[in-house]
Amino acid sequence: MADIRAGILGTGHSYPEGILTNADLEKMVETSDDWITSRTGIKQRRKAAPGEYTSLFAVKAARQAIERAGLEPADIDLILCATVTPDQILPSTGCIIQAELGANKAAAMDLVAACSGFLYGLTVADTMIQTGKSKHALVIGAEILTQYVDYTDRQTCILFGDGAGAAVLGAVENSHGILASRIRSDGRYEEQLFSPGGGTRRPASAETLAAGDHFFKMKGNELFKVAVRSMAEISREVLEEAGLTADDVKLFIPHQANQRITDAVASKLNVDTERVYSNIAMHGNTSSASIPIGLDECVEAGKIQKDDIVLLASFGGGVTWGAVLIRW
Ligand code: ACO
């Protein structure tokens, strides 16, 4: 399997035009710009307008990624859409995106791993490409989280935003591409971040709606600690697997959950601030979309050049976590 490596051939991102600022939130719940900024680093987040849904932004991001990879939709044979906020239960948002793109030769599906979804997708696509089962895979992270946010719960409503990012993967020269990737989960922590209503365990009803069971519930404090520990540990594991150290990392793009989580993970890994990408001030936490949006912003800004070592790490509900190490 080591003879073929999967690399990222093109990236893209998209988000709604609507912006929800800390000042807007000050008018909705008892909070302040000062509190939100100092506890999270967030200044604003994108918010979809009524009538805007997940695949709208996923398709825009995907088109950009396919074009930048120098491919056509018909060249894509695998579509993995990481999302916890699908357009609808059936069919998958992946299939909806496939139809919209005209990528008719692909197998399409959704992947539910919360904020780690994009790294789960990269890992699956990498394996499919290495084993020859896929030639060109499209991995998307797309979310309209603001539809699942309880705007009376000041702990969660300040965090989440909407958007989508995408990457097209294909075989690259062996010394480049994904050098190591690792994904993990621990379902025993289910209730640290969950949305209990609307599925078969607690079907949607007037009561579940009235109780707000479809909203995200979070134990922020506990998640914080597990997130820092897990992201640092799994990042070390992929570095070790590739025979590299944190000194080799040119750019670290972590899941954008909270600036303090990013700072703590970077400090545990000894990666200095200049090598850590953060866009949390502008986007908040966009779950599975945060890493591919960050990746594409870095590509657009010329922050990533050929041969650079890029480390991606994530943590999310489930709980799930992962890391992917790439030589660009
Ligand atoms: N404005 C003002 N005060 C607030 C707010 C707010 N928006 N939210 C909470 N507080 C108050 C609390 O009520 C508490 O008050 P008290 O001391 O009187 O009880 C105080 O601030 C401290 O609350 P903590 O919860 O301890 O604050 P903390 O510093 O932990 O910050 C936060 C909370 C921002 C949620 C943090 O814990 C965090 O970011 N956790 C990680 C969350 C995360 O990453 N979740 C997503 C995982 S990714 C995914 O899968 C989508």
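Residues numbered from 1 in each chain as written. Predicted model: local features only at pLDDT ≥ 70, side-chain atom pairs only at ≥ 80, totals over all residues. Heavy atoms only, no water.

### Description of the overall build of the protein
- Counting its regular elements, the protein contains 11 helices and 13 strands.
- What you see for the protein is a C-alpha radius of gyration of 19 Å, in line with the 20 Å of a compact globule of 328 residues.
- Across its three principal axes, the protein shows a C-alpha extent of roughly 55 × 45 × 35 Å.
- The buried share among the 328 residues of the protein stands at 55%.
- Here the protein displays about 14,000 Å² of accessible surface, and carbon together with sulfur accounts for 51% of that area.
- Of the charged side chains in the protein, 31 are positive and 41 negative, and the gap between their average positions amounts to 3 Å. (Helix = DSSP H or I, 4+ residues; strand = E, 2+ residues; numbered from the N terminus. Rg over C-alpha atoms; globule rule 2.2 N^0.38 Å. Buried < 20%, exposed > 50% of the residue type's maximum accessible area, 1.4 Å probe, protein only. Areas by Shrake-Rupley, 256 points an atom, 1.4 Å probe, with all protein chains shown as cover. Lys, Arg positive; Asp, Glu negative; His and termini not counted. Charge placed at Lys NZ, Arg CZ, Asp CG, Glu CD.)

### Points about the sheet that holds strand β8 (residues 177–185)
- Ordered in space as β8-β13-β12-β11, the 4 strands form an open sheet in which the pairing is mixed. At either margin of the open sheet sits one strand with a lone partner, and together these are β8 and β11 (251–254). Neighbour-to-neighbour, the strand axes of this sheet turn through a mean angle of 10 degrees, independent of strand direction.
- Strands in contact with helix α5 (residues 117–130) are β8, β12 (309–316) and β13 (320–327); relative to β8, the strand with the most contacts, it is inclined by about 125 degrees.
- The sheet contacts of helix α11 (residues 290–300) involve β11 and β12, and relative to β11 the element is tilted by about 150 degrees. (Pairing = 2+ DSSP bridges. Axes fitted to C-alpha atoms, helices over the stretch in contact; angles between N-to-C directions. Contact = heavy atoms within 4.5 Å.)

### A few points about the pairing of strand β4 (residues 78–82)
- Within β4, 5 of the 5 residues are buried, which leaves it mostly tucked inside the rest of the structure.
- With burial as the criterion, each face of β4 is covered, one bearing Leu78, Leu80 and Ala82 and the other bearing Ile79 and Cys81.
- Pairing geometry for β4 and strand β5 (residues 107–111), over 5 bridges, is parallel. Bridge pairing in β5 links Ile79 to Ala108.

### Some details on the domain arrangement of the protein
- We note that the domain assignment places domain 1 (4–175) and domain 2 (179–327) within the protein.
- Here the C-alpha centre of domain 2 lies 13 Å away from the C-alpha centre of domain 1.
- Tallying the contact residues gives 52 residues for domain 1 and 48 residues for domain 2.
- Approximately 3,900 Å² of surface area, both sides summed, lies buried where domain 1 meets domain 2, with 61% of it carried by carbon and sulfur atoms.
- One can count 3 salt bridges joining domain 1 with domain 2.
- Listed by contribution, the elements that provide at least two residues to the side of domain 1 that touches domain 2 are β1 (5–14), α2 (33–40), β3 (44–46), α3 (54–68), α5, β6 (136–144), α6 (154–157) and β7 (162–172). (Domains from an automatic or database assignment. Buried area = accessible area lost by both parts, 1.4 Å probe. Salt bridge = Lys/Arg side-chain N within 4 Å of Asp/Glu carboxyl O.)

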